[in-house]
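Tertiary structure, described
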Amino acid sequence: MVSRRGVLGGGVLVALGEAAASGAPVEPRTVAARQRFFGADLVDPSTGAVRPDRVVLSWVGCATYAVAFGGTVLLLDAWVPRLSSAGYVPATAQDLADLRPAAILIGHGHFDHAGAAGRIAQASGAVVYGTAEHCATIRGQVPDPSFGTVAFGDAGTAPGHIHEFGLGDIEVTAVRHLHSGPTAPDRANGSPPFFPIPDLCAIAEHPPTLDDLRVGLPRLRDEEGGCLLYQLRVPGFSLVWHDSAGPLIDKAPHVLDVLAGLAPTDLQVGAIQGFNQLTNGLRDPRTYIEAIRPHLFVPAHHDNWLPGFTAPAATYDRALRAELDRIPSEHRPELRPLLDPADYITPARLTFSI
């Protein structure tokens, strides 16, 4: 079943895009933020416009990315890890708001994905896209919210449901899928259990501030609200991003067919950390890759964003490469690892020509 939503939000984005194209100046702080996150050589120093013949992604920790996609600036998730290690990621929610994103796409509603979305949207005017629960929770994060939201279904929407909409010149398909979760060991298709070694050094070197705790702790109660995977397309380039990888083989195998039916994908940015790694290793992220068949895969949600509970990205590298080796060579994507903290906000790492 396909639904077409987001007319209001799309109209707002078209208007924003026309304003940028007209050469209207933006605040110097927005120019500076965009030059930092997308590369000074790709951002007009007067208007802040990003070159429309480029796709640029800057990793901001966990599964959050600042993206310039064919000239449109948007955020994938909206959270900067600061709850337990302030400054480990060299950015703040205000930095993301300074980018003046036209849209924020939410994968799911947990604190480590949407915990700063309300503040960023309120400060930037971005339109928030997600499920009805995501939108309601994010509007509740700030008093008197003045930003727009566009809801795609709710927590009860069936996995595999598709929503198609537009963000200016970008065509977007959102697919309902599953959050990661533990399942029984899969003897046929599973992988060895994976237990990365936690690293507590980031807490000692970057302790949270009282303000970080004041803002972040209430967000721990935020519910998932459903999971959405997004494919973004412009002529010449397509991107799939998902901030969780669920046990589709066990609980919703038909979603793999839906993912396989998406338009060809150049770049997949996908979460590899998940609760099922304790019983089935990185099987679930692999099944997403096998279905989507990207040319290039970039891991996400695999860094030391919650020291003591998570581990540095480098500890996933060997297991991820072994998992990719299980994919036949003719369908195996190129891997471009991102390692924390060196690859935070390094736009040259993920810049592509359209």
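Not measured: the values here are computed from a predicted model.

The next thing to look at is helix α2 (residues 28-38). Those residues of α2 that fall on the buried side of the exposure criterion are T30, V31, A33, R34, F37 and F38. In a view along the axis of α2, the buried residues occupy a sector of 165°, so they form one face of it. Buried residues along α2 sit in contact with β2 (54-59), β3 (65-69), β4 (72-76) and α3 (93-98).

Moving on to the nonpolar core. Ranked by internal contacts, the top residues of the largest apolar core, which has 71 residues, are F38, L57, Y65 and F69. The leading source of residues in this core is β3, at five residues. In this structure, F69 is in contact with R54, V55, L74, I170, L232, R233, V234, F237 and L239, ignoring residues within four places of it in sequence. Counting 16 residues, the second-largest nonpolar core is a separate cluster that includes I162, L178, V240 and A252.

Moving on: the pattern of salt bridges. All told, the structure shown has 17 salt bridges when counted by the stated rule. Salt-bridge contacts for E323 lead to R326; the nearest nitrogen and oxygen are separated by 3.8 Å. By relative accessible area, which is 39% here, R326 ends up partly exposed. Each of D186, D250, R283 and D284 takes part in one network of salt bridges that share partners.

Strand-to-strand pairing in sheets goes through backbone hydrogen bonds, with the strands running parallel or antiparallel. Ordered by their spatial adjacency, seven strands build an open sheet running β7-β6-β5-β4-β3-β2-β15, and the pairing between neighbours is mixed. Of all strands in the sheet, those with a lone pairing partner are β7 (149-151) and β15 (351-353), marking the two edges. When the angles between neighbouring strand axes are averaged without regard to direction, this sheet yields 20°. The sheet contact formed by β2 and β3 spans five bridges and is antiparallel. Within β3, the residue paired with W59 across the bridge is Y65.

Turning next to the state of the cysteines. Using the criterion set out here, one finds zero disulfides in the structure. C62 takes part in no disulfide bond, and the closest cysteine sulfur, belonging to C227, lies 12 Å away. Take C201: it sits in no disulfide, and the sulfur closest to it among the cysteines is that of C62, at 20 Å.

Let's shift gears to the confidence of the model for the chain. Of all residues in the chain, 93% attain a pLDDT of 70 or more, and the chain-wide mean is 92. Segment residues 1-23: pLDDT under 50, and 30 contacts once partners within four positions in sequence are set aside and those in other chains are kept.

On to the side chain of D343. Note on placement: D343 falls in the loop between β14 (334-335) and β15. Under the relative-accessibility criterion, D343 is labelled buried at 14%.

Turning next to the packing of aromatic side chains. Here the distance between the centres and the angle between the planes together describe a pair of aromatic rings. All chains considered together, the criterion is met by 13 aromatic pairs. Ring centres of F69 and F237 lie 6.1 Å apart, and the angle between their planes is 65°; on these two criteria the pair is classed as edge-to-face. Within this pair, whereas F69 is found in strand β3, its partner F237 is found in strand β11 (residues 237-242), the two being separated by 168 residues in sequence. Accessibility expressed as a relative area gives 0% for F69, which makes it buried.

Time to look at the pairing of strand β10 (residues 227-234). Taken across its eight residues, β10 has eight buried, putting it largely inside the fold. With burial as the criterion, each face of β10 is covered, one bearing C227, L229, Q231 and R233 and the other bearing L228, Y230, L232 and V234. Bridging between β10 and β11 involves five bridges; their strand directions are antiparallel. Across the sheet, L232 pairs through a bridge with L239, a residue of β11. Where β10 folds back on β11, the antiparallel hairpin that results is connected by two residues, among which G236 adopts a positive phi of roughly 100°.

A separate point is unusual backbone geometry. One can expect most non-glycine residues to show negative phi and most peptide bonds to be in trans. In the segment running from D340 into P341, the intervening peptide bond is cis, with an omega of 0°. If you trace the backbone, P341 turns up in the loop between β14 and β15. In this model, D77 sits at a positive phi of 65°, which is unusual for a non-glycine residue. Even without glycine at this site, I345 takes up a positive phi of about 50°. The residue I345 is located in the loop between β14 and β15 in this model.

Let us now look at helix α6 (residues 132-139). Note that an α-helix has 3.6 residues per turn; residues three or four places apart therefore point the same way. Turning to α6, its buried residues number three or more, namely H134, C135 and I138. Looking down the long axis of α6, one finds its buried residues gathered within 95° of arc, a one-sided arrangement. Residues of α6 that are buried in the fold lie against α4 (111-114), α5 (117-124), β6 (127-130) and β7.

Conventions we followed
- Residues numbered from 1 in each chain as written.
- Predicted model: local features only at pLDDT ≥ 70, side-chain atom pairs only at ≥ 80, totals over all residues.
- Heavy atoms only, no water.
- Buried < 20%, exposed > 50% of the residue type's maximum accessible area, 1.4 Å probe, protein only.
- Helix = DSSP H or I, 4+ residues; strand = E, 2+ residues; numbered from the N terminus.
- Arc of directions from axis to C-beta.
- Contact = heavy atoms within 4.5 Å.
- Core = buried A, V, L, I, M, F, W, Y, C linked by side-chain atoms within 4.5 Å.
- Salt bridge = Lys/Arg side-chain N within 4 Å of Asp/Glu carboxyl O.
- Pairing = 2+ DSSP bridges.
- Axes fitted to C-alpha atoms, helices over the stretch in contact; angles between N-to-C directions.
- Disulfide = S-S within 2.5 Å.
- pLDDT = per-residue confidence, 0-100.
- Phe/Tyr/Trp six-rings, centres within 6.5 Å; stacked < 30°, edge-to-face > 60°.

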